[in-house]
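Inside the fold
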Amino acid sequence: MKCPQGLQVRVRSAICIASMLVIAAPSFAGQVGFQQNSVGGVMVDAGGVVRAATPDEQQQLLRTVRAQVRVAAGELAKPAEMRMISLKGLQKAVATALANGTDLPEEIRYLAGLQRVQYVFAYPEQNDIVIAGPAEPWIVRDDAAVVGALSGQPMMLIDDLVTAMQSVEAARRSGISCSIEPTAEGHQRLNRLLSKVQLRNGQNPKALEPQMKQAFGPQMVKINGVPTDSHYARILVAADYQMKRIAMGLEPSRLPNLPSYLQMARGSLTQSNANPRWWMACDYNSLSHSEDKLSWKLSGRGVKTMTENDLIGADGQVVGNAKADPKAQQWADLMTENYSELSQQFPVFGQLRNMIDLSVVATLIVQERLDETAGVNLDLLMGRGTEVPVAVYTAPAAISPECSFLRSRKGWIVTTSGGVDINAFEIVERQAADATLSGVRGKSAAEEATSWWWNG
């Protein structure tokens, strides 16, 4: 899988990984953070090992979040088709909290209820940049996820905006990457085990699972380009992991139109050394702009799922691409089609889409020099000098295996790899003029605002 030069966020992993229905307790560099323990269902212990949360831990998390999250009030308790957020005003509000040593209020943590970013406006006359999109009041679900009261989609977070803004230049140089990688030795041990397997008539292959898990061994987590202890990094790992669990039937999608890949692949022909691989990538239309390039519009689903087959050699290394697997492609298409509904069931997917939106916005601002055009100083949000003390989490280092497999006519389907592949620079470079956008900007003038957010 090749990526154009620019911002790359890549997560590669194997399906033989432990349950990430977990909790992670963050710490904070200051008094403005919020101890929201749920991060895409991921729990990492003090040693960096991912494990499943117990029911008691999940209930404790729910009690904690409900006790700490105040519901939206006033105008924030009402949905808005387009909520405008002044980045200059937001930065000032964060700076005030920093100066006072107080916690960030919910309206800042959840970016005034923003659900997606659809527009970016530069206002040289007010020295400001404004981002805008639909917004909803937030609620805490029974699984401790903080989501929109109407759509059930997760909220955008100040933590992810700050990470996106501060990662653009590093991404330009080396990209952002996160990988959960099985070792070559683990592949070798698993291949040796499977080569000796002879199932008796009626024997359930499930009986082999303990041996397969032991043979495959733990996978290593590698993160580059963003802080390994950030919310952004944690979601990349969790979203990729959850996709593999659903694909391989380790956890139901909870959607009638999205069965597991294993259900779809039963009885199909598969190369014995081929492993299906899926990854999530950007799915945007051309970035529209007004003639003066003061108004920009993002459109499209945001995320799509893609697939190909890896050939694994006897030494456990990827040696090439197998021929296409129609069932794997069909599963990828189904996930893309059902992505919005899947995000309601598993908020981590919606959080991933939110982060992609914010990375595209951050890259647009830097690449098009919108801050210079608008004459606005965004040093705090961009991490120049004083930084916003966002939540800090224990970085995941290793994941114990959890296997799902299928005995096909030509061999075993055991593992998958792939992940998340985002190239925000590529999105920003694909532009198209739209004369109607100037009118949208004019109807929502920043000078009318009395706070850092308002409804357009």
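Use the structure listed above.
Below is a summary of the structure that appears in this document. Sequence positions are assigned chain by chain, starting from 1 and proceeding in written order. This being a predicted model, a pLDDT of at least 70 is required before a residue's local features are given, and a value of 80 or more before pairs of side-chain atoms are given or counted; all residues contribute to the totals for chains, interfaces and linings. With hydrogens and water stripped out, all remaining heavy atoms of the structure feed into the side-chain values.

Starting at the N terminus, helices and strands are each numbered in turn, a helix being any DSSP run of H or I of at least four residues and a strand any DSSP run of E of at least two. In this fold, Leu370 is placed in helix H12 (residues 370–374). Residue Leu370 is classed as buried on the basis of its relative accessible area of 2%. In contact with Leu370, not counting residues within four places along its chain, are Val120, Ile129, Lys293, Trp296, Leu364 and Ile365. Each residue is assigned to one of three classes by its accessible area relative to the maximum for its type, calculated with a 1.4 Å probe on protein chains only: buried under 20%, partly exposed between the two thresholds, exposed over 50%. We call two residues in contact whenever any of their non-hydrogen atoms come within 4.5 Å of each other.

What is expected of a backbone is that most residues other than glycine have negative phi and most peptide bonds are trans. Here the phi dihedral of Ala112 falls at roughly 60 degrees; this positive angle occurs in a residue that is not glycine. Take Ala112: it is sitting in the loop between helix H3 (106–109) and strand E5 (119–123). Backbone geometry places Asn127, a non-glycine residue, at a positive phi of 50 degrees.

Next up on the list: the sheet that holds E5. A pair of strands is labelled paired if DSSP reports no fewer than 2 bridges between them. Spatially, the seven strands line up as an open sheet ordered E21-E12-E13-E5-E6-E4-E22, and their pairing is mixed. The open sheet terminates on both sides in strands that have one partner only, identified here as strand E21 (431–433) and strand E22 (453–455). Direction aside, neighbouring strands of the sheet carry axes that sit 25 degrees apart on average. By the bridge criterion, three bridges tie E5 to strand E13 (residues 295–297) in an arrangement that is antiparallel. Within the sheet, the bridge partner assigned to Tyr119 lies in E13 and is Lys297. An axis is simply a line fitted to the C-alpha atoms; with a helix, the fit covers only the stretch in contact. Between two such axes, the angle follows the N-to-C directions and lies from 0 to 180 degrees. Against the sheet, helix H2 (residues 87–100) touches strand E4 (80–86) and strand E6 (128–135), its axis set at about 65 degrees to E4.

Centres within 6.5 Å make a pair out of two Phe, Tyr or Trp rings, where for Trp the six-membered ring is used; the pair is then stacked when the planes are under 30 degrees apart, edge-to-face when over 60, and tilted otherwise. Taken as a whole, this structure holds seven aromatic pairs when the rule is applied. Look at Tyr110 and Trp138: their rings are 5.5 Å apart centre to centre, the planes differ by 50 degrees, and that puts the pair in the tilted class. In this pair, Tyr110 sits in the loop between H3 and E5 while Trp138 sits in strand E7 (residues 138–140), placing the two residues 28 residues apart along the sequence. Consider the rings of Tyr261 and Trp278, whose centres lie 5.0 Å apart with planes at 70 degrees: the pair is edge-to-face. Taken together, the positions of Tyr261 in helix H8 (residues 261–265) and Trp278 in strand E11 (residues 274–283) put the pair 17 residues apart, joining distant regions of the chain. By the burial criterion, Tyr261 is buried, and Trp278 matches it. Taken together, the aromatic side chains of Tyr119, Phe121 and Tyr123 make up a single cluster linked through ring pairs. Charge-over-ring placement is defined geometrically: NZ (Lys) or CZ (Arg) within 6 Å of the ring centre, and within 35 degrees of the ring normal. Residue placement shows Arg254 over the ring face of Phe346; its charged tip is 4.1 Å from the ring centre.

Below, the discussion takes up the pairing of E5. Among the five residues that make up E5, five are buried, leaving the element largely enclosed by the rest of the structure. Pairing analysis gives five bridges linking E5 to E6, with the strands arranged antiparallel. Note on E6: the bridge partner recorded for Tyr119 is Ala132.

Between helix H7 (residues 231–247) and helix H11 (residues 347–367), the least distance of the axes is 9 Å, while the angle of their chain directions is 135 degrees. Accordingly, the angle class assigned to the pair H7 and H11 is oblique. You can see that H7 and H11 cross each other, and the crossing is left-handed. Residues His231, Tyr232, Ile235, Leu236, Ala238, Ala239, Gln242, Met243 and Ile246 of H7 pack against Val348, Phe349, Gln351, Leu352, Met355 and Ser359 of H11. Following the grouping adopted for this structure description, the nonpolar residues are Ala, Val, Leu, Ile, Met, Phe, Trp, Tyr, Cys and Pro, the charged ones are Asp, Glu, Lys and Arg, and the polar ones are all others, Gly among them. By residue class, the composition of the contact of H7 with H11 is 11 nonpolar, four polar and no charged. Note on angle classes: values under 35 degrees are labelled roughly parallel, values over 145 roughly antiparallel, values of 65 to 115 roughly perpendicular, and the remainder oblique. Here is the rule for handedness: rotate from the far helix to the near one, and if that takes an anticlockwise turn smaller than a right angle the crossing is left-handed, while a clockwise turn gives right-handed.

A few words now on the nonpolar core. Only buried residues count toward a nonpolar core, which is a set of Ala, Val, Leu, Ile, Met, Phe, Trp, Tyr and Cys residues joined through side-chain atoms within 4.5 Å. If you look at the biggest cluster of nonpolar residues, it comprises 107 residues, and the most contacted ones within it are Leu90, Val120, Met280, Trp331, Phe349 and Leu352. With 12 residues, the top contributor of residues to this core is H11. Apart from residues lying up to four places away in sequence, Phe349 is in contact with Ala239, Gln242, Met243, Ile246, Met280, Met335, Tyr339, Leu342 and Ser343. Counting residues in each nonpolar core, the second largest holds nine residues, with Phe121, Val130, Leu437 and Trp454 among its members.

In this section: the environment of Thr336. Turning to its location among the elements, Thr336 is positioned in helix H9 (residues 326–337). On a C-alpha basis, the gap between Thr336 and Val303 in space is 7.3 Å, while along the polypeptide they are 33 residues apart. If near-sequence neighbours (up to four positions away) are discounted, Thr336 is found in contact with Arg301, Val303, Lys304 and Thr305. Here a polar contact is recorded for every N or O atom pair within 3.5 Å, except that within protein the pair must consist of a potential hydrogen donor and a potential acceptor, and residues adjacent in sequence are included only if both atoms are side-chain atoms. A polar contact is formed between the side chain of Thr336 and the backbone nitrogen of Thr305, at a distance of 2.8 Å.

One can describe the packing of helix H4 (residues 158–174) onto H11 by two numbers: an axis separation of 8 Å at closest approach and a directional angle of 55 degrees. Accordingly, the angle class assigned to the pair H4 and H11 is oblique. The two elements H4 and H11 meet at a crossing, and its hand is right-handed. Where H4 abuts H11, its residues Asp160, Leu161, Ala164, Met165, Val168, Glu169 and Arg172 lie against Met355, Leu358, Ser359, Ala362, Thr363, Ile365, Val366 and Gln367.

Now for the pairing of E4. For E4, the tally of buried residues reaches six of seven residues, placing the bulk of the element in the interior. Note that E4 and E6 share five bridges and pair antiparallel. Looking at E6, one finds that Ser86 is bridged to Val130.

Nothing here speaks to function; it is all geometry.
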